Amino acid sequence: KLSGLSIAETDDIIPKKTIILGYMGSISHGTYIPSTDPNSIDDKDIMGVCVADEKVYFGLGRFEQKEAKYKEWDSVAYEIRKFFRLLLKGNPNVLGLLWLLPSNYIHIDPTGQLIIDNRNLFISKDAYFAFSGYAHGQLHRMTHMAYEGYMGAKRKELVEKYGFDVKNAAHLCRLLRMGIELMTTGELKVFREDASELKDIKTGKWSLEKVKKEAEDLFKLAQEAFVRSSLPPKPDYEGA
């Protein structure tokens, strides 16, 4: 049972036959700011992978993912084939589930462990385009979508205070740094050694000009890392 939720609410968040379940987002990155802090705009994000009911595979049923939100819990669970498709595209958020710290996994069954043990099947130079693409999206939203409906009141207050979306700014720098590391080492470092600096960005301690300069430098470094990377050009579809 998830903290603060009933058994029924927890069951609604976590599908049956879940094979991997873990903390994602700010908790997994080490940048979580608890709700007791006046600067907090963080949910408790969790992600799962599940096997669907038999009727999905042998009948006319359809299931790809399930999203749910209760209180501060925000969850998404992917059906295993949808999960693999996202992994093979180098989706930064989904890849992260296979590189969590052991303490950030809530549940892993033997099938889930088999996926984690073979996570390198999904890593290739293609991931550069996914990480850079997501980063460009954060760069755009940081200043151009500052008052969109997806924001809570507290986050809008921070946008008004600083003149840009500081949470998008932190995502932007984190994604580019993770992409550079992946191209360079072949490892996805979900838990961030630069967590303190990312928290500073997220709480408005960096100016918009400083964030933009950092992003400009990181985009260049990411392109250089891509060119020099020894990762395979494509993921191992057959192995997957």
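Residues numbered from 1 in each chain as written. Predicted model: local features only at pLDDT ≥ 70, side-chain atom pairs only at ≥ 80, totals over all residues. Heavy atoms only, no water.

Focus: the sheet that holds strand β5 (residues 105-108)
In step 1: Sheet architecture is open: five strands sit in the order β3-β4-β2-β1-β5, paired in mixed fashion. Lying at the two open borders of the sheet, with one neighbouring strand each, are β3 (65-70) and β5. On average, each strand axis in the sheet is tilted by 15° relative to the strand beside it, whichever way the strands run.
In step 2: Of the strand pairs in this sheet, strand β1 (residues 18-23) and β5 are connected by three bridges, and their pairing is antiparallel. Within β5, the residue paired with I20 across the bridge is I108.
In step 3: Helix α4 (residues 80-88) contacts β1, β2 (44-50), β3 and β4 (73-79) of the sheet and is inclined by roughly 95° relative to β4.
In step 4: Across the sheet, helix α6 (residues 110-117) lies against β1 and β5, angled at about 65° from β1, the strand it touches most. (Pairing = 2+ DSSP bridges. Helix = DSSP H or I, 4+ residues; strand = E, 2+ residues; numbered from the N terminus. Axes fitted to C-alpha atoms, helices over the stretch in contact; angles between N-to-C directions. Contact = heavy atoms within 4.5 Å.)

Some words on unusual backbone geometry
In step 1: In this model, K17 sits at a positive phi of 60°, which is unusual for a non-glycine residue.
In step 2: By the element assignment, K17 lies in the loop between α1 (7-13) and β1.
In step 3: Residue K17 is classed as partly exposed on the basis of its relative accessible area, which comes to 47%.
In step 4: With phi around 55°, K71 is a residue other than glycine that occupies positive phi space.
In step 5: With respect to the helices and strands, the residue K71 is situated in the loop between β3 and β4. (Buried < 20%, exposed > 50% of the residue type's maximum accessible area, 1.4 Å probe, protein only.)

Focus: the packing of helix α9 (residues 166-185) against helix α10 (residues 195-202)
In step 1: Across the interface, α9 lies against α10 with an axial gap of 7 Å and an inter-helix angle of 150°. What the angle tells us is that α9 and α10 run roughly antiparallel. Each of V166, K167, A169, A170, C173, R174 and R177 in α9 lies in contact with α10, whose residues at this interface are E197, L198, I201 and K202.
In step 2: Residue composition of the contact of α9 with α10, by class: six nonpolar, no polar and five charged. (Parallel < 35°, antiparallel > 145°, perpendicular 65-115°, else oblique. Nonpolar A, V, L, I, M, F, W, Y, C, P; charged D, E, K, R; others polar.)

Section: the environment of W99
In step 1: Position of W99 relative to the elements: it lies in the loop between α5 (92-95) and β5.
In step 2: Separated by 25 residues in sequence, W99 and S124 have C-alpha atoms that sit 15 Å apart.
In step 3: The residues contacting W99, other than those within four sequence positions of it, are Y105, R119, N120, I123, G186, E187, L188 and V190.
In step 4: Here the side chain of W99 touches E187 through a polar contact of 3.1 Å, side chain to side chain. (Polar contact = N/O pair within 3.5 Å; in protein donor to acceptor, adjacent residues only side chain to side chain.)

With respect to α10
In step 1: Taken together, the buried positions of α10 are occupied by A195, L198, I201 and K202. Along the axis of α10, the buried positions cluster into a sector of 115°, meaning they face one direction only.
In step 2: The inward-facing, buried residues of α10 contact α2 (25-29), α9 and α11 (208-228).
In step 3: Of the residues flanking the end of α10, it is G204, one or two places downstream, whose phi is positive at about 80°. (Arc of directions from axis to C-beta.)

Considerations on the environment of I180
In step 1: Position of I180 among the secondary structure elements: in helix α9.
In step 2: Note: C-alpha distance between I180 and F226 (46 residues apart in sequence) is 7.7 Å.
In step 3: Apart from the residues within four sequence positions on either side, I180 is in contact with L218, L221, A222 and A225.

Here's the deal with the pattern of salt bridges
One side chain can pair with another of opposite charge once the charged atoms of both are near each other.
In step 1: Applying the stated criterion to the full structure yields 19 salt bridges.
In step 2: When the shortest N-O distance is used, the salt bridge between D194 and R177 registers 2.7 Å. Placement of the pair is D194 in the loop between α9 and α10 and R177 in helix α9, with a sequence separation of 17 residues. The burial state of D194 is the same as that of R177; both residues are buried.
In step 3: One salt bridge in this structure joins D194 and R192, with 3.0 Å as the shortest N-O distance.
In step 4: For D194, a relative accessible area of 15% translates into the label buried.
In step 5: Look at the salt bridges and you will find they share partners, linking R177, E181, R192, D194, E197 and E214 into a network. (Salt bridge = Lys/Arg side-chain N within 4 Å of Asp/Glu carboxyl O.)

Side note on the nonpolar core
In step 1: Residues I20, F83, L97, L98 and I115 are the most contacted members of the largest nonpolar core, which totals 55 residues.
In step 2: Per element, the largest residue contribution to this core is 11 residues, and it comes from α9.
In step 3: Setting aside chain neighbours within four positions, we find I115 in contact with I19, I20, I80, F83, F84, L98 and F122.
In step 4: Ranked by size, the runner-up nonpolar core spans seven residues in total, among them L5, I13, A68 and W73. (Core = buried A, V, L, I, M, F, W, Y, C linked by side-chain atoms within 4.5 Å.)

Don't take any of this as a statement about function, it's just geometry.
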